[in-house]
Amino acid sequence: ATFLAKGSSGDPTAVPANQTLAMATRIGAKAIHVDHLTGSLEKGKRADIITVDLNRPHLCPLYNPVSTLVYSATGADVKDVVVDGKILMKDRRFMTLDSREVMTRVRQITEKIRA
């Protein structure tokens, strides 16, 4: 969203990193009418949280954590995932599914699609 706004407007200050993060969390939840459940860390809301490993070469140096998350971090940098208070991934390891089994099933489905 931020790159699209900057590119289409020609304004490098269009949609700053803080606004982009808000759009991905608080504002996004409000847009789909679930802000009473999620989108911000508040008592009574679901604990939907990720942690990002900022000690990665492409994320250094870390001048501004929000800018780094928005402009440089990727899904591969996510270390932990908690959804509604339940830990789904810890230290990059899935806690609720077998990734080998999932990959095997995807390969089987892929073969059916090719046929």
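One can find the structure itself at the top, above this paragraph.
Every value quoted in this text rests on a predicted model; they were computed, and no experiment measured them. (Residues numbered from 1 in each chain as written. Predicted model: local features only at pLDDT ≥ 70, side-chain atom pairs only at ≥ 80, totals over all residues. Heavy atoms only, no water.)

1. Description of the overall build of the protein
Thinking step 1. Each helix and strand in the protein was counted, giving five helices and four strands.
Thinking step 2. Secondary structure elements of the protein occur, N-terminal to C-terminal, as α-α-α-β-α-β-β-β-α.
Thinking step 3. Against the globule reference of 13 Å for 115 residues, the protein gives a C-alpha radius of gyration of 18 Å, more extended than a compact globule.
Thinking step 4. Structurally, the protein occupies a C-alpha span of about 45 × 40 × 30 Å along its principal axes.
Thinking step 5. Expressed as a percentage of contacts within the protein between residues at least 6 apart in sequence, the contacts between residues at least 24 apart total 38%.
Thinking step 6. Total accessible area on the protein stands at roughly 8,800 Å², and carbon and sulfur atoms take up 59% of it. (Helix = DSSP H or I, 4+ residues; strand = E, 2+ residues; numbered from the N terminus. Rg over C-alpha atoms; globule rule 2.2 N^0.38 Å. Contact = heavy atoms within 4.5 Å. Areas by Shrake-Rupley, 256 points an atom, 1.4 Å probe, with all protein chains shown as cover.)

2. What to know about the pattern of salt bridges
Thinking step 1. Scanning the entire structure with this criterion turns up five salt bridges.
Thinking step 2. Between K45 and E42 there is a salt bridge, with the nearest N and O atoms lying 3.2 Å from each other.
Thinking step 3. One salt bridge connects K79 with D91, and the closest N-O pair in it is separated by 3.6 Å. Taken as a pair, K79 in strand β2 (residues 78–83) and D91 in the loop between β3 (86–90) and β4 (93–94) lie far apart in primary sequence, twelve residues in all.
Thinking step 4. Residue classification places K79 among the partly exposed positions, given a relative accessible area of 30%. (Salt bridge = Lys/Arg side-chain N within 4 Å of Asp/Glu carboxyl O. Buried < 20%, exposed > 50% of the residue type's maximum accessible area, 1.4 Å probe, protein only.)

3. Topic: the layout of surface pockets
Thinking step 1. Empty space within the largest pocket amounts to approximately 600 Å³.
Thinking step 2. Elements with a minimum of two residues in the lining of the largest pocket: α2 (17–24), β1 (49–52) and α4 (65–71).
Thinking step 3. Of the residues belonging to the lining of the largest pocket, the class tally is nine nonpolar, seven polar and two charged. (1 Å grid on protein atoms, 1.4 Å probe; cavity = no way out; pocket = protein on both sides within 12 Å on 5 of 7 lines; lining within 4 Å. Points joined across faces, edges and corners; volume = space filled by probe spheres on them. Nonpolar A, V, L, I, M, F, W, Y, C, P; charged D, E, K, R; others polar.)

4. Quick word on the sheet that holds β1
Thinking step 1. Reading across the sheet, the four strands line up as β1-β2-β3-β4 and stay open at both edges, with antiparallel pairing between neighbours. Two strands close off the open sheet at either side, each with one partner strand: β1 and β4.
Thinking step 2. The sheet contact formed by β1 and β2 spans four bridges and is antiparallel. Paired with T51 across the two strands is D80, which belongs to β2. (Pairing = 2+ DSSP bridges.)

5. A few points about unusual backbone geometry
Thinking step 1. Looking along the chain, the bond that leaves C60 and enters P61 is cis, with omega of 0°.
Thinking step 2. In this structure, H33 is a non-glycine residue whose phi angle is positive, near 60°.
Thinking step 3. Topologically, H33 is positioned in the loop between α3 (26–31) and β1.
Thinking step 4. Looking at H33, the relative accessible area reads 63%, which means it is exposed.
Thinking step 5. With phi around 50°, D91 is a residue other than glycine that occupies positive phi space.

6. Digging into the packing of aromatic side chains
Thinking step 1. As enumerated under the stated definition, the model contains one aromatic pair in all.
Thinking step 2. For the ring pair F3 and Y71, a centre distance of 5.6 Å and an interplane angle of 45° mean the geometry is tilted. Placement of the pair is F3 in helix α1 (residues 2–9) and Y71 in helix α4, with a sequence separation of 68 residues. (Phe/Tyr/Trp six-rings, centres within 6.5 Å; stacked < 30°, edge-to-face > 60°.)

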